[in-house]
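# Survey of secondary and tertiary structure
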Amino acid sequence: MEVLSIFLILLTALLIPGITGMTKAKIAGRKMPSVFQPIKDIIRLFKKGAIYSTSTSFIYKVAPLVYLSSVSVSILFLSVGSKISLISFHGDFLLFAYLLAIGKFFMIISAMDTGSSFEGMGANREALYSMLVEPAFFIIIASLALFTDYTSLNELFSNMHISSNFSYVIGIAASYVLLNTAMTENSRMPVDDPKTHLELTMIHEVMILDNSGFDLAIIHISSWLKFSIYGTLISKFIIVTTLPFYIQAVYFIIIQMILAIVIGFLESFRARNKMEKNPQWIIMLSAIAIVAFLSTLIISQKIILN
Amino acid sequence: MIDIFIILYSMTLIYFALAERVSKYVILLFIQGVLLFCVLFFSLYKIEIFDFIFILLETILVKAIILPWFMNKVRRQNQLKRENDTYIPVFYSIIIVVICLLVSFFLSSKLQDTQIHSKYFTVAFASVIFGIYFIIIHRNIFSHVVGYLIIENGIFLISLALGSKMPMMVNLAVLLDVLMGVLVLGIFVNRIGNTFESVEIGHLTQLKD
């Protein structure tokens, strides 16, 4: 049964980019593409072979695979609703976060490996932004850990709604922070514009300029999976774990779809930040996470304020 | 319920540090006024009904409607620049507002006084410190008025923290001062705007008899 939740996560990962694309097209007044358009694009890419520059080393060839595998392994730490995940131990959220970071690290060094100055610039920015966004995730998980007194992702979420209704306060703040973390980690709108055509303003796109065919497809799939991972984390805050599993699964799918639509809305109505204003926007997420952390300290009465 | 509004209030402080457009300050002041109204509504229900209604009306009218409206009017009249320039980059301001919150949090956790509601005190103290910081870092006199209002909101919360009997008197006194202060400053801003066609305080050094 644990496999079922992983299947659900993978299924929604396939649907999220299509629905986001549909939302964006609808808002822009274009004809809506099919939900399966991104999948068709990926199949087209898979049919092509990859071309490698002679100046690159094996890192460049191995990086997309490492990226995909690290993201896929981190899915094993997650589960839908009240189900138990495949891998779980005390403090597993550290491994979860750094597995995602390993993938990103390999993408960064593969971008450096090509020797292109554009890609080096993109790698530089990606490293800075992922470094800035990291504390926000950890502070949110730490406040959950404080609130529930557990340290593995499974136990954190399964014990969250038991003690009091204040879990929803943390849930709202955490959902906001995680949504924006997902946008930052996937280099979407307020931080980076995936549709931009100028290399100087790109972040993620400029890192994968040299990747082609099969490798490019793998990189796209990994970023879909990442959206699904963050969506699963957000859904964990919302789904009530006492319901039967099939209702939870329906809830899960609905939440992921809503997430995709929200991303479409955010991307349509938000302008991209100026590049110099990105760091302050990202550090704001950590600031909000700290406020959530402090309020958890008060609510869980670790520090007693009258 | 009060906790939620206090948390939201502390988040508005972070957004004050993040916002760079002058019009956003006015919106944030309005939000703070509404949040203070909600805090009052849920914390003061024990006092007499007449006082209760009076305080609530006064809060929502002055803090959430009159002051933001007046600030907006001053902003329009002087045709301020949309972007506001600060002495310190916003990145550091956000870190400093977080430090403000942390310091006041630990301070109030040390203050184990039964007379003080330390939940209010945490945010109130952070708000006062941040208001002062806000005044220091901005070049523009309009933002100084905004900083002054942030401090005033902080004092308002402190008056709540010090017991539920007194806030009315404290509040009225403070409010009157601030209202007069803002009115005077508004005229001042207009005058500076008329004289120099900009509201940067740096120009004031050129004044001669």
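Now for a look at the structure at hand.

### Considerations on the overall build of chain A
Broken down by element type, chain A carries 12 helices and 0 strands. Each helix (α) and strand (β) of chain A, taken in turn from the N terminus, gives the series α-α-α-α-α-α-α-α-α-α-α-α. For 306 residues, the compact-globule formula gives about 19 Å, and the C-alpha radius of gyration of chain A, at 19 Å, lands near that figure. The principal-axis extent of the C-alpha atoms belonging to chain A is close to 65 × 40 × 40 Å. Classification of the 306 residues of chain A by burial places 46% in the buried group.

### Details of the overall build of chain B
Helix and strand content of chain B: 7 helices and 0 strands. Reading the helices (α) and strands (β) of chain B from amino to carboxyl end gives α-α-α-α-α-α-α. By the compact-globule yardstick of 17 Å for 209 residues, chain B fits well, its C-alpha radius of gyration being 17 Å. Counting only C-alpha atoms and orienting by the principal axes, one finds that chain B spans roughly 55 × 40 × 30 Å. Expressed as a percentage of its 209 residues, the buried residues of chain B come to 40%. Pairs at least 24 residues apart make up 71% of the contacts formed inside chain B by residues separated by at least 6 positions.

### A closer look at the packing of helix α10 (residues 213-238) of chain A against helix α11 (residues 245-269) of chain A
Residues and elements named next belong to chain A. Between α10 and α11, the shortest axis-to-axis distance is 9 Å and the interhelical angle comes to 120°. Between α10 and α11, the angle is such that the two are oblique. Pair α10 / α11 crosses with right-handed handedness. In this structure, α10 contributes Ser 228, Gly 231, Ile 234, Ser 235 and Ile 238 to the contact, and α11 contributes Phe 252, Ile 255, Gln 256 and Leu 259. Among the residues forming the contact of α10 with α11, the class breakdown is 5 nonpolar, 4 polar and no charged.

### Some remarks on helix α5 (residues 118-137) of chain B
Taking 1.5 Å of rise per residue, the 20 residues of α5 of chain B would be expected to cover 28 Å, and the 28 Å separating its terminal C-alpha atoms lies within 8% of that figure. Burial within α5 of chain B is extensive, with 16 of its 20 residues counted as buried.

### Quick word on unusual backbone geometry
All names here are of chain A. Positive phi outside glycine occurs at Asp 149, with the angle close to 65°. On the secondary structure map, Asp 149 appears in the loop between α5 (117-148) and α6 (153-158). For Asp 149, a count of 12 C-beta atoms within 10 Å puts it in the exposed group. Phi at Ser 187 is positive, roughly 55°, even though this residue is not glycine. With respect to the helices and strands, the residue Ser 187 is situated in the loop between α8 (167-185) and α9 (204-207). Residue Ser 187 is classed as buried on the basis of its C-beta count, with 22 C-beta atoms lying within 10 Å.

### Describing the environment of Thr 114 of chain B
Residues and elements named next belong to chain B. As for its position among the elements, Thr 114 is in the loop between α4 (90-110) and α5. C-beta crowding within 10 Å serves as the criterion here: with 6 such atoms nearby, Thr 114 is assigned to the exposed category. Linking Thr 114 and Leu 162, residues 48 residues apart in sequence, is a C-alpha distance of 9.7 Å.

### A few points about the nonpolar core
Counting residues in each nonpolar core, the largest one holds 139 residues, and the members touching the most others are Ile 140, Met 284, Ala 287, Ile 288 and Ala 289 of chain A together with Ile 94 and Val 97 of chain B. At 14 residues, the largest contribution of residues to this core is made by helix α12 (residues 278-299) of chain A. Residues within four places of Met 284 of chain A in sequence aside, it is in contact with Ile 14, Leu 18 and Ile 94 of chain B.

### Points about the interface of chain B and chain A
Across the boundary between the two partners, chain B contributes 22 residues, which contact 16 residues of chain A. Among the secondary structure elements, those contributing two or more residues to the side of chain B that touches chain A are α1 (2-18), α4 and α5 of chain B. Examining the composition of the side of chain B that touches chain A, we find that 10 residues originate from one element, α4 of chain B, more than from any other.

### Here's the deal with α8 of chain A
Counted at 1.5 Å a residue, the expected span for α8 of chain A with its 19 residues is 27 Å, and the 25 Å between its end C-alpha atoms agrees. In the segment just after α8 of chain A, Ser 187 of chain A is the residue with positive phi, at about 55°.

### Topic: the packing of α5 of chain B against helix α6 (residues 141-161) of chain B
Residue and element names in this part refer to chain B. Interhelical geometry of α5 versus α6 gives an angle of 160° and a closest axis separation of 8 Å. Classed by the angle they form, the pair α5 and α6 counts as roughly antiparallel. Crossing hand, α5 versus α6: left-handed. Here the contact of α5 with α6 is composed, by residue class, of 18 nonpolar, 6 polar and no charged.

### Structural notes on the environment of Ser 143 of chain A
All names here are of chain A. Here Ser 143 is to be found in helix α5. With 24 C-beta atoms counted inside 10 Å, the residue Ser 143 sits in the buried group. Between the alpha carbons of Ser 143 and Ile 290 there is a distance of 8.7 Å; along the sequence they are 147 residues apart. When neighbours within four sequence positions are excluded, Ser 143 is seen to be in contact with Ile 170, Ala 292, Phe 293 and Thr 296.

### Description of the environment of Phe 293 of chain A
All names here are of chain A. Position of Phe 293 relative to the elements: it lies in helix α12. When the 21 C-beta atoms within 10 Å are taken as the criterion, Phe 293 is described as buried. Linking Phe 293 and Ala 173, residues 120 residues apart in sequence, is a C-alpha distance of 9.8 Å. For Phe 293, the residues in contact, after removing those within four places along its chain, are Ile 139, Ala 142 and Ser 143.

Parameters at a glance
- All residue numbers here refer to positions counted from 1 along the written sequence of the relevant chain.
- Whichever chain is written first is A, and whichever ligand is written first is 1; the rest continue in order.
- With the structure being a predicted model, the display of local features is reserved for residues of pLDDT at least 70 and the display and counting of side-chain atom pairs for 80 or more, all residues being used for whole-chain, interface and lining totals.
- Numbering of helices and strands runs from the N terminus; a helix is a DSSP stretch of H or I covering at least four residues, while a strand is a stretch of E covering at least two.
- Radius of gyration here uses only the C-alpha atoms, and the compact-globule reference equals 2.2 Å multiplied by the residue count raised to the power 0.38.
- To sort residues by exposure, count the other C-beta atoms lying within 10 Å of each residue's C-beta; 20 or more gives buried, 12 or fewer gives exposed, and values between give partly exposed, all with C-beta atoms placed from the backbone.
- Residues are scored as being in contact if the C-beta atoms we place from backbone atoms lie within 7 Å.
- An axis is simply a line fitted to the C-alpha atoms; with a helix, the fit covers only the stretch in contact. Between two such axes, the angle follows the N-to-C directions and lies from 0 to 180 degrees.
- By the definition adopted for this analysis, an angle is roughly parallel if under 35 degrees, roughly antiparallel if over 145, roughly perpendicular if from 65 to 115, and oblique otherwise.
- Left-handed describes a crossing whose near helix is turned anticlockwise from the far helix by less than a right angle; the clockwise case is right-handed.
- Ten residues, namely Ala, Val, Leu, Ile, Met, Phe, Trp, Tyr, Cys and Pro, are considered nonpolar, four, namely Asp, Glu, Lys and Arg, are considered charged, and the remaining ones, Gly among them, are considered polar.
- Here, expected helix span is obtained from the residue count minus one, scaled by 1.5 Å.
- Think of a nonpolar core as buried Ala, Val, Leu, Ile, Met, Phe, Trp, Tyr and Cys residues chained together by C-beta atoms that fall within 7 Å.

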